[in-house]
Each structure stands twice: as structure tokens, then as C-alpha cells.
Amino acid sequence: MLNPYLRPLKTTYSVTFQEEILRRRTFGIVSHPDAGKTTLTEKLLLFGGAIQEAGAVKSNKVKKSATSDFMEIEKQRGISVATSVMAFEYLGRHINILDTPGHKDFAEDTYRTLTAVDSVIVVIDVAKGVEAQTKKLVAVCRMRDTPIIVFINKLDREGLDGFDLLDEIEASLELGLCPMSWPIGMGQRFQGVYNLWEKHLLLYDGQDKQRVGDSITIDDLSSSELEERIGEEAAATLREEIKLIQGVYPKFDKEAYQAGQLCPVFFGSALNNFGVKDLLDCFVDIAPTPQPKKAEERMIQPHESVFSGFIFKIHANIDPKHRSRIAFCKVVSGQFERNNNYLHVRENRQLKFSSPLTFLASKKSIVDVAYPGDIVGLPDSGSFRIGDSLTSGDPLHFKGIPSFSPEHFRFINNEDPMKSKQLAKGIDQLMDEGVAQLFTLTSNSRKVIGTVGALQYEVIQYRLEHEYGAKCSYEPFQAFKACWVESTDEQELKGFKILKTRQLANDKHGRLVFLPDSQFSLQMTQEKYPSITFHEQSGE
Ligand code: G4P
């Protein structure tokens, strides 16, 4: 008889390309600042063994205070390169968390990162409910039907009633919900959660908050064990509430979740590591594997043997002593291999990468092979632009990454006539990196810079001077939004162009953009030209 204590001799076995794809889960965590995104990320990494102690991810946090000290922010952004992607292994799955900046002025970065994830976890503070940034980010997810899991955080504090909160999320985020766990009290009275998915009770230890308690299986909620564990009153309330949930909310349906139509909801406390394991266990079970991606030519499937990928983020280190850029590439299909030649489609030339990077928690290292779903950091000296495609096969163009209307607009002027070339080059490259958006007025070719946050103007001015030796100044430009113009009626479009000539511009791809100075002006224009559509986001 075989000795059961003998380990099999073969300790390594090859995992096929197919299996590598199937074990990958690439997702992002999004939230309004302070809801607990960083804390949750950190706890997930702890479970995955990618970090050993709490606090390791904190340096990634760009403080959300109204600071305008952008050098400080850039310093922190510099640190955050390493935590842009955090990979870890859990239960045989290879998990890639894509970090998104917390500071609202970098929201555009977050929108772009969302084009590279296969699903997201939205963190909501139980006391604050749905906040402004949550709304915007979820709207971006909904545009692509990205599967969403909701984590309601900070149950150790007093907050909104669970049902009221679910109503608010459904109504203001327009999400279909399916509670997977349910809280037993909150704040001082918080006793834990009942997990409807696994049918177990998870008790919160108010004394030893960091202790991850054992789960207690309770298949049948009418069992008297419930009273023994949480007391009579709480047991009665829980039974009543679970009954209500089962009557009101749909049963979990994996297909509906993966189609972005139904969002599982978990309750917990990231800080106290409570409910995080339940979330992670469910996540690895239900979250989608790497998804196909649309290229202009056709849909690209992850299991295709030809490598393809696209650049969704460019990170420049503005420290002149260590100037470098890293272009983040999401592998869509095939295998990415170090030192192989790949076609940079837009520039129609072959590139080879001798030191592509992978990221494990806060460590970067050189990667030899990456699979669909993975992110590789490509050291870049200025040849990439956001949205660029790379491939080892025939040229293909991944559908671009949409631009969203900026919220601030200013004219940019050249302050040193001898340096106009440098200024133009600098602006061009910064726009390729996605720092801001450039609009060129059609009437007089003046350049207008549009940004999500006012902070970007300082960043641009500083970088133009220090990296390109060019000086610029700004002048106010009154605009309320940037609206990409689409019309089926040539005659009407012609009339519109004549009347609004001073508020028309081209974006960097030459697309026509209307820059109305107020909501009212946009409304009036829309009424006058009903056949014209004004999009607050550029098409993909
Ligand atoms: P963010 O990335 O979404 O901006 O949020 P972050 O994780 O930084 O959390 C924001 C604040 O909320 C932090 O406190 C954090 O400790 C706290 N927090 C996160 N999860 C929980 C929770 O489950 N319960 C409670 N009570 N607090 C939670 P801070 O004081 O702003 O920062 P720090 O001094 O703790 O770093």
C-alpha cells in the first residue's frame, strides 16, 4: 500500500497556455476617496501572501486633501508606479489588481484603467452611501457592462440602514443588486454577517477586531443555533430580514453578473479584515476570466495564439534624475515574451523589449512571459500613446479608449518664442500620456487645454519647463463641457458650424468638438439643431 505521507516526487508540472488564461482574474477596485479602497486592497494582498504586514500599500495613497502641492502628489505617484498593478496567487488563481488613483484630479487615469479590467469591486462607505465619484466610476463601468461586486465597508461604525442603502445604490447607480451577505447590527451593535452564498455565519469579535473568526455553517436559519450565537432579538431580526431579501432581490445568477446586469453585494469592515475573505472567496469563484476585446478588424479572443495587447496607461517619472516612462500594456491574446519582436501598429515598426516589468505587490521585476489578463510595464522613451496596439501578427487596431469631457478649460500660451518647437513637442507628448486633452480652435488655431482637475495645469507647466525647456502661461477660456459632435444632416451641421464658429475645436484626432460656455447654451443649441448629437465622451 502506498504510504499516504509520501509526497509525490513530481513537484512541478506544466500548466498549459489555456489553463494560464483560465486562472487569471484581472480587476480594479474603485470608490469615492476615503471609502476604504486602499485598506481593502491591502487586506486582499495579505490574504494572497503578497505582503506580510498592514501598511505596505499606504504609500500608494495620494492624499485626498485639497492640497495643490503637486510635487508631493507626484512623489507619491512615483511610488505608486510599483503598485499600479498588484499580482498575487490565491487558491490557484492568478489575480491582478489594477490600482486606480484616489485623487479626483486623476479621474481620467481611472477611467482608462477601467478599460483594462475584466471586472470591478466598488467600495461604499456604509455611513456615506453613494458619493459623487462612485457615481461617475460606476457609470463608466456600466458603459462596457463590466461585472461589478459591491462591498459595503465600515460596518463597525454606525451607518445607513441596509435596505435603505441598497435602495439608494439601485436607484442612483442604476444597478441590479443581489445581497450575498447581510449584516447583523452595525456600529456598537455589530455582531457579524450572515453569508447567504455559503450559508454561514461570520461573527465579529469586538474585542479582538483583527481576528478573522471561523465561519459557522448554518444551512437552516430556523435552527436554534442562531439564538445561541447572536441572541434572541438579533436572530429574530436576521430571520425577518433574510426572508425579505429572498422575497425582494433576485437569486444570484452568474451569467447575469458576468453580463454586468446583476451585482452581488457584500458587507464587512476592511480595516478589521472582516468579511474580506468571504468577498475574495466568492470573487475567485465567480469573477470573469480574461475577456475578448474588440479591434476595428474583429473581436480578439484571449486564447488566440498570436500575441496582442494595448496600452492603457503611461506613467512618467518627472524626477529629472530618473526620467523614464512606463507604458502599461494589457495582454489581450497569446503570450507576451521578453526579447521578441512586436509590431507597434500605429508607427508600423517592430519593437523588442529586453526588460519588461511585472509587478508583485510593491516589487517590480523583469518578466519573461505574460498571459492574457496580465499587465506588463514597458519602459518607453516616448514612442507610445494611450490606446496603441502591439501584436506579433497582422496589424490590428484595438478600439480606442474614449475621452471624457474635461471639467476645466484654459488657453495655453507660449511664453518664449524661441522655444515654440519644444513647447509643441512637450504638449504633444503630455497629451499622448493622457495628462490632459488638447483642443485646437477651428477659427484661429489657438490651443485650449482641458483637464479633469485644476491640478493638472500646474503639472503641465512644471513638466514643460523641466522636461522640454519650454515656458507656458494660461488664460481663462469659458467652456462648460466638451461635446463631440455627430450629425446625419449635412445642411444642419453646416449652419451650426457657421453660427458657433468661435466655440468649435478639433481634438487631437481631428474630431469636431463643441465647447459651449454654459449648460443653457448647450440646451439652446440642441433645440435649434435637433439632428446633431452632442456626446460628452468621444466615441471609442
Ligand atoms: P481610500 O483608499 O478609499 O481613499 O480609503 P482608505 O483605505 O485610505 O481608508 C480611508 C479611511 O477609512 C482610513 O482612515 C481607513 O483606516 C478607514 N477605514 C477603512 N476601512 C475601514 C473600516 O472598515 N472601518 C473603519 N472604522 N475605518 C475604516 P484614515 O484615518 O483616513 O487613515 P489612516 O490614518 O487610518 O491611514
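Residues numbered from 1 in each chain as written. Predicted model: local features only at pLDDT ≥ 70, side-chain atom pairs only at ≥ 80, totals over all residues. Heavy atoms only, no water.

### What about the overall build of the protein chain?
Helices and strands together make up the secondary structure of the protein chain, namely 14 helices and 31 strands. Counting across all 540 residues of the protein chain, residues that qualify as buried make up 54%. Sequence separation of at least 24 residues holds for 71% of the intrachain contacts in the protein chain that already meet a minimum separation of 6. Total accessible area on the protein chain is roughly 24700 Å²; 48% of this is exposed by carbon and sulfur atoms. (Helix = DSSP H or I, 4+ residues; strand = E, 2+ residues; numbered from the N terminus. Buried < 20%, exposed > 50% of the residue type's maximum accessible area, 1.4 Å probe, protein only. Contact = heavy atoms within 4.5 Å. Areas by Shrake-Rupley, 256 points an atom, 1.4 Å probe, with all protein chains shown as cover.)

### Side note on the site of the ligand
For the ligand, the set of nearby residues contains 19 residues, the closest of which are Asp34, Lys37, Thr38, Thr39 and Ser269. Asp34 places a main-chain nitrogen or oxygen 2.7 Å from an oxygen atom of the ligand. Taking Lys37, its main chain carries an N or O atom lying 2.8 Å from an oxygen atom of the ligand. Protein coverage of the free-state accessible area of the ligand, which is 700 Å², stands at 76%. (Near = heavy atom within 4 Å. Polar contact = N/O pair within 3.5 Å; in protein donor to acceptor, adjacent residues only side chain to side chain.)

### A word on the pairing of strand β24 (residues 408–414)
The side chains of a regular strand alternate, residue by residue, between the two faces of the sheet. In terms of strand pairing, β24 meets strand β26 (residues 447–451) through 4 bridges, oriented antiparallel. Directly across from Arg410, in β26, lies its bridge partner Ile449. (Pairing = 2+ DSSP bridges.)

### A closer look at the packing of aromatic side chains
For any pair of aromatic rings, geometry is given as the distance between the ring centres together with the angle between the planes. Enumeration over the complete set of coordinates arrives at 26 aromatic pairs. Taken together through their ring pairs, the aromatic side chains of Phe307, Phe336, Tyr342, Phe353 and Phe384 make up a single cluster. The ring of Phe328 carries the charged tip of Lys313 above its face, separated from the ring centre by 5.5 Å. Taking the ring centre of Tyr474 as reference, the NZ or CZ of Arg410 above it sits at 5.6 Å. (Phe/Tyr/Trp six-rings, centres within 6.5 Å; stacked < 30°, edge-to-face > 60°. Lys NZ or Arg CZ within 6 Å of the ring centre and 35° of its normal.)

### A look at the sheet that holds strand β9 (residues 200–203)
On the basis of which strands lie adjacent, the open sheet formed by 4 strands has the order β7-β8-β9-β10 and antiparallel pairing. Because the sheet does not close on itself, it has two edges, and the strands there are β7 (181–184) and β10 (215–217). Adjacent strand axes in the sheet meet at a mean angle of 25 degrees, parallel and antiparallel pairs treated alike. Two elements, β9 and β10, share 3 bridges in a ladder whose sense is antiparallel. Bridging from a neighbouring strand, Leu202 pairs with Ser215 of β10. The strands touched by helix α8 (residues 232–248) are β7 and β8 (192–195); relative to β7, the strand with the most contacts, the crossing angle is about 150 degrees. (Axes fitted to C-alpha atoms, helices over the stretch in contact; angles between N-to-C directions.)

### A few points about the nonpolar core
Counting 85 residues, the largest nonpolar core has Val150, Ile152, Ile169 and Leu378 as its most contacted members. Considering every element that reaches this core, the biggest residue donor is strand β15 (residues 324–333), with 6 residues. In this structure, this core is formed jointly by two domains, domain 1 (24–187 + 251–286) and domain 2 (293–391), each of which donates at least three residues. Leaving out residues up to four positions away in the same chain, Leu378 has contacts with Ile311, Arg325, Ile326, Ala327, Cys329, Phe336, Phe353, Pro356, Phe384 and Leu390. (Core = buried A, V, L, I, M, F, W, Y, C linked by side-chain atoms within 4.5 Å. Domains from an automatic or database assignment.)

### Focus on the pattern of salt bridges
If the charged atoms of two oppositely charged side chains come close together, the side chains can form a pair. Applying the stated rule across the entire model yields 25 salt bridges. A salt bridge links Glu20 to Arg24; the shortest N-O distance between them is 2.6 Å. For Glu20, a relative accessible area of 10% puts it in the buried group. Between Glu227 and Arg239 there is a salt bridge whose closest N-O contact spans 2.9 Å. Placement of Glu227 in helix α7 (residues 225–230) and of Arg239 in helix α8 is noted, with a sequence separation of 12 residues between them. On the basis of relative accessibility, which here comes to 24%, the residue Arg239 falls in the partly exposed class. It is possible to trace a salt-bridge network through shared partners that takes in Glu20, Arg23, Arg24, Glu89 and Asp374. (Salt bridge = Lys/Arg side-chain N within 4 Å of Asp/Glu carboxyl O.)

### Remarks on helix α13 (residues 490–499)
Among the residues of α13, Glu492, Leu493 and Phe496 are the ones counted as buried. For α13, the buried positions fall inside an angular range of 100 degrees around the axis, keeping them on one side. Facing away from the buried side of α13, by more than 90 degrees, are the exposed residues Glu490, Gln491, Lys494 and Ile498. Looking at the packing, one finds that the buried side of α13 touches β28 (483–487), β29 (504–506), β30 (512–514), α14 (519–528) and β31 (532–535). Capping of α13 at its N-terminal end is provided by Asp489; its side-chain oxygen lies 3.1 Å from the backbone amide nitrogen of Gln491. (Arc of directions from axis to C-beta.)

### With respect to the confidence of the model for the protein chain
Considering every residue of the protein chain, the mean pLDDT works out to 86; 87% of them sit at 70 or more. Note that residues 1–13 has pLDDT below 50 and, in this model, 0 contacts with residues that lie over four places away or in other chains. Counting interchain partners and residues more than four positions distant, the pLDDT-below-50 stretch residues 59–68 has 20 contacts. (pLDDT = per-residue confidence, 0-100.)

### With respect to the pairing of strand β11 (residues 263–267)
Most of β11 is tucked away: 5 of the 5 residues are buried. Side chains of β11 alternate between two faces, with Cys263, Val265 and Phe267 and Pro264 and Phe266 buried alike. Judged from the 3 bridges that link them, strand β5 (residues 148–153) and β11 form a sheet pairing that is parallel. What sits directly across from Ile152, in β11, is Phe267.

### Description of the sheet that holds strand β27 (residues 472–476)
Taking strand neighbours across the sheet as the criterion, the 8 strands line up as β27-β24-β26-β25-β29-β30-β28-β31 in an open arrangement whose pairing is antiparallel. Both outer strands of the open sheet, β27 and β31, are each paired with one neighbouring strand and no more. Averaged over all neighbouring strand pairs, the angle between strand axes comes to 40 degrees, with direction disregarded. Helix α12 (residues 455–468) contacts β24, β26 and β27 of the sheet and is inclined by roughly 155 degrees relative to β27.

### Remarks on unusual backbone geometry
The residue Leu91 is not glycine, and still its phi comes out positive at about 45 degrees. Residue Leu91 is classed as exposed on the basis of its relative accessible area, which comes to 57%. Positive phi, close to 55 degrees, is recorded for Glu174, a residue that is not glycine. A relative accessible area of 56% means that Glu174 is categorised as exposed.

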